[in-house]
Amino acid sequence: MGKSLVYKILERNLLSGNLTDGSEISVKVNQTLTQDSTGTMVYLQLAAMDIQEIQTELSVAYIDHNTLQAGFENADDHEFIKTCAAKYGIIYSKPGNGICHQLHLERFAKPGQVLIGSDSHTPTCGGIGTLSIGAGGLDVAVAMAKGYYFFKMPKVMNIELVGSLQSWVSAKDVILYILKRLSVKGGVGFIIEYSGEGIRNLSATDRATITNMGAELGATTSIFPSDEITKDFLTKQGRSQDFVPLTADSDAHYDEKMQINLDEITSMCAMPHSPDHVKAIRDIEVTKIDQVAIGSCTNSSYTDLMKVARILEGKKVHPDVSLVVSPGSSSILKMMSDNGALGTLIHAGARILEAACGPCIGMGQAPKSKAISLRTFNRNFEGRCGTKDASVFLVSPETAACSAITGFITDPSLYGEKPVIEIPKQYHVSNHYFIYPSEHRADHEIVMGPNIKPFPVNEPLASTMTGKILLKTKDNVTTDDIIPSHAALLPFRSNIPELSKHCFGTIANDFHIVAKKYNGGFIIGGENYGQGSSREHAALVPLYLGIKVVIAKSFARIHKANLINAGILPLTFVNKKDYLCLDELDDLRISEVLSGLKNHKGITLYNKTKEILIPLQFTGSERDAAILAAGGYLNYAKQSNF
Ligand code: MIC
Ligand code: SF4
């Protein structure tokens, strides 16, 4: 039996364990990336590890999420990250340079390497054959400090793409179509590997759009082979030397297989408030729109934005629509400024934003109350745009641009001739926004402004834990629900005490008050608890508020790892229907926790209020159990020297 592409890369980087489904492995990490909203925590943790310099071949600290300097807080965070980068030997990407995933794809990612990033959309670089995984901040700090990453070997799913895309249909429609078929849980426990003759019709950035939104499927990562198209992209970025050809063997073994005929896909739209709530645009009723936002790590490449400019050429944005465009990188912005496309967008009435995440993470451009906002982004969770009662629809750049002109959600195929884009022979490449580390690292002092507060560190796990249920949630609770991210809160990503006042703010306003009143306690979750982002604040803030245990029907991968790293016990129901036997403010007790974890015996929950016993289980590795017993990864690291 031949090897999959995933198997080949992991085999080359394997440090411990074996590559069978479900076993814990550790791999050598070649590259890491961080961005500012998770980065401050990563660098506080890295500093706590007391290292001299990083062990990875290349690490980059991007500033892209929070570039709006409405107070001193963000500037403090940026300076802190910049000085850490200089001290430890990390490349620093200044604000304005662009979105981490787009920039990393353009400048640094290499086919066949392993990249770990403190952002859930790190798999974007899978578009050029990099095995790129989104992880919690502490995992990324450890990857930099020690050069390795531990995770549970996922299953590998092969998606074979056949046929070719219809006119006006693009990569975004492909991934929305896959989300419709598989749902936000469909990729959980899998790495998705694409193959088939259909991939020949997808550019490197098209492929990156698809791997980017593999995060929304819940997949560990997604990857495309590295072929002539990859080579062409790298060559145009001035990096032909980074190309290596990489494909799966023709008789490769996969745990699951699926075939998708690209010809069958039409323009798609993810309806509010979930990326898998997908419909074909032709099946949606005529919907008038208020805002169109184009950009984000999903759709901000040169080709995406050039398509938009061509569609808007000689046209005018509808009077009732606000169109905002944020390029993925400063290079794209420069090329569009040089070739006149920027002028075309401005002439049509678009608002041009900085090359950054911007509206995707609610940093500005919150739409008006009850607005209908059409976005080329990857997430449309309730309230994420900054306006609680707004409805966000996710679409392709083609659909977004045509709709901006007509003023309602428009199937682009009804619009006329598809624009033809000329790809330049060479992309603009500039180093002016990067600061490369110097030789004299020891001379650098880390600067910590008043916005940077210490992060909470847990205590070793107690064998008996008691407390009340402080909150019971429904299925698919997102990290945005646990710790909302918007313009008012993002400046406090390095300030856990301040952030804690907003924990679960969108679903239980007074959660932090209740948590303080009862001195912490338990949270009960439904399926896929903690889906969405990699932000470890969704574990650190509950830790700060005294949460000891989260019991759910199932957990999202990165969030579960973040809970373990924080020393919060993630348990699941043996019988999911027992979820119904727990109510808010019930008094709970679990005992013999340590032996239960160690021997995989299971843990029994006693609901004192209802006088019933409920069987629970812990589904982590032995190493996870040891981390929990020590009270989180940092304590564990001190005890065991990792
Ligand atoms: C997001 O898209 O929600 C973010 C902001 O990029 C997050 C990281 C974070 O919460 O800081 C992600 O996706 O991991
Ligand atoms: Fe930035 Fe949005 Fe991408 Fe997150 S999903 S990295 S906020 S552009």
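Residues numbered from 1 in each chain as written. Chains lettered and ligands numbered in written order. Predicted model: local features only at pLDDT ≥ 70, side-chain atom pairs only at ≥ 80, totals over all residues. Heavy atoms only, no water.

Chemist: Quick question: what am I supposed to make of the overall build of the protein here?
Modeler: The helix and strand inventory of the protein stands at 20 helices and 27 strands. For the protein, whose C-alpha radius of gyration is 24 Å, the value lies close to the compact-globule estimate of 26 Å for 642 residues. For the protein, with 642 residues in total, the buried portion stands at 64%. Pairs at least 24 apart in sequence give 77% of the contacts found in the protein among residues at least 6 apart. Element-wise, carbon and sulfur atoms account for 50% of the exposed surface of the protein, whose accessible area totals about 23000 Å². Of note, the protein has its 62 positive side-chain charges centred 2 Å away from the centre of its 66 negative side-chain charges. (Helix = DSSP H or I, 4+ residues; strand = E, 2+ residues; numbered from the N terminus. Rg over C-alpha atoms; globule rule 2.2 N^0.38 Å. Buried < 20%, exposed > 50% of the residue type's maximum accessible area, 1.4 Å probe, protein only. Contact = heavy atoms within 4.5 Å. Areas by Shrake-Rupley, 256 points an atom, 1.4 Å probe, with all protein chains shown as cover. Lys, Arg positive; Asp, Glu negative; His and termini not counted. Charge placed at Lys NZ, Arg CZ, Asp CG, Glu CD.)

Chemist: Explanation requested: the environment of Ala 86 in the structure shown.
Modeler: Secondary-structure assignment places Ala 86 in helix 3 (residues 72–88). Exposure remark for Ala 86: the relative accessible area of 17% places this residue in the buried category. Each C-alpha atom of the pair Ala 86 and Glu 439 lies 9.4 Å from the other, and the pair is 353 residues apart in sequence.

Chemist: Would you take a moment to explain helix 6 (residues 171–182) for this structure?
Modeler: An α-helical turn contains 3.6 residues, so a residue and the one three or four places further along point in the same direction. Taking 1.5 Å as the rise per residue, helix 6 with 12 residues should run 16 Å; its terminal C-alpha atoms sit 16 Å apart, in good agreement. Among the 12 residues in helix 6, 10 count as buried, and that is most of the element. Where helix 6 is concerned, the buried positions are Ala 171, Lys 172, Asp 173, Val 174, Ile 175, Leu 176, Tyr 177, Ile 178, Leu 179 and Leu 182. Of the residues flanking the end of helix 6, it is Ser 183, one or two places downstream, whose phi is positive at about 75°. (Expected span 1.5 Å × (residues − 1).)

Chemist: Quick question: what am I supposed to make of the sheet that holds strand 1 (residues 14–16) here?
Modeler: Either a parallel or an antiparallel arrangement is found when strands of a sheet pair, and the pairing is made through backbone hydrogen bonds. Reading across from one edge, 1-2-8 is the order of the 3 strands in this open sheet, with antiparallel pairing throughout. On the outer flanks of this sheet lie strand 1 and strand 8 (148–152), each paired with one strand and no other. Along the sheet, successive strands turn relative to each other by an average axial angle of 40°, direction set aside. (Pairing = 2+ DSSP bridges. Axes fitted to C-alpha atoms, helices over the stretch in contact; angles between N-to-C directions.)

Chemist: Help me understand the nonpolar core in this model?
Modeler: One broad trend across soluble globular proteins is that nonpolar side chains are buried collectively. Residues Leu 46, Phe 511, Leu 569 and Ile 590 are the most contacted members of the largest nonpolar core, which totals 108 residues. Broken down by element, this core gets its largest block of residues, 7 residues, from helix 5 (residues 137–146). For this core, the domains that each give at least three residues are domain 1 (5–264) and domain 3 (465–639). Among residues more than four places away in sequence, those in contact with Ile 590 are Ser 463, Thr 464, Met 465, Phe 522, Val 549, Leu 569, Leu 571, Ile 603, Thr 604, Leu 605 and Leu 616. Judged by nonpolar contacts, the second largest core, of 56 residues, contains Phe 108, Ile 284, Val 308 and Val 321. (Core = buried A, V, L, I, M, F, W, Y, C linked by side-chain atoms within 4.5 Å. Domains from an automatic or database assignment.)

Chemist: Hey, could you run me through the side chain of Thr 298 in this one?
Modeler: By the secondary structure assignment, Thr 298 is in the loop between strand 15 (291–294) and helix 9 (302–312). On the basis of relative accessibility, which here comes to 2%, the residue Thr 298 falls in the buried class. Not counting the four nearest positions on each side in its chain, Thr 298 is found in contact with Lys 172, Thr 209, Asn 212, Met 213, Asp 304, Thr 376, Phe 377 and Asn 378.

Chemist: What should I look at first to understand the site of ligand 1 in this one?
Modeler: Neighbouring residues of ligand 1: 14 residues in total, closest Ser 37, His 65, Asp 119, Ser 120 and Arg 535. Residue Ser 534 places a main-chain N or O atom 2.8 Å away from an oxygen atom belonging to ligand 1. Within the side chain of Arg 535, an N or O atom sits 2.4 Å from an oxygen atom of ligand 1. Summarising the interface, the protein chains cover 97% of the accessible area of ligand 1, which totals 330 Å² for the free molecule. For the shell around ligand 1, the residue count by class is 1 nonpolar, 8 polar and 5 charged. (Near = heavy atom within 4 Å. Polar contact = N/O pair within 3.5 Å; in protein donor to acceptor, adjacent residues only side chain to side chain. Nonpolar A, V, L, I, M, F, W, Y, C, P; charged D, E, K, R; others polar.)

Chemist: How should I be thinking about the sheet that holds strand 11 (residues 221–223) in this particular structure?
Modeler: The strand order 11-10-9-12 describes an open sheet built from 4 strands, whose pairing is parallel. Both edges of this open sheet fall to strand 11 and strand 12 (256–261), since each of them pairs with a single strand only. When strand polarity is set aside, the average angle formed by the axes of neighbouring strands in this sheet is 20°. The sheet contact formed by strand 9 (residues 155–162) and strand 10 (residues 190–195) spans 6 bridges and is parallel. Bridged to Glu 160 within strand 10 is Ser 195. Across the sheet, helix 6 is in contact with strand 9, strand 10 and strand 12; its angle to strand 12 comes to roughly 130°.

Chemist: Can you walk me through the UniProt feature "domain: Aconitase A/isopropylmalate dehydratase small subunit swivel" (unreviewed entry) in the protein in this structure?
Modeler: The UniProt record annotates "domain: Aconitase A/isopropylmalate dehydratase small subunit swivel" (unreviewed entry) at residues 522–575. Secondary structure over residues 522–575 splits into 33% helix and 28% strand, and the C-alpha atoms at its two ends are 18 Å apart. (UniProt positions renumbered as here; feature names shortened; annotations may be inferred.)

Chemist: Would you take a moment to explain the environment of Ser 120 for this structure?
Modeler: As for its position among the elements, Ser 120 is in the loop between strand 6 (114–117) and strand 7 (131–134). A C-alpha to C-alpha distance of 8.0 Å links Ser 120 and Ile 558, two positions 438 residues apart in sequence. Discounting residues that sit within four places of it in the chain, Ser 120 has contacts with Gly 134, Ala 215, Arg 379, Gly 532, Ser 533, Ser 534 and Ile 558. There is a polar contact of 2.8 Å between the side chain of Ser 120 and the side chain of Arg 379.

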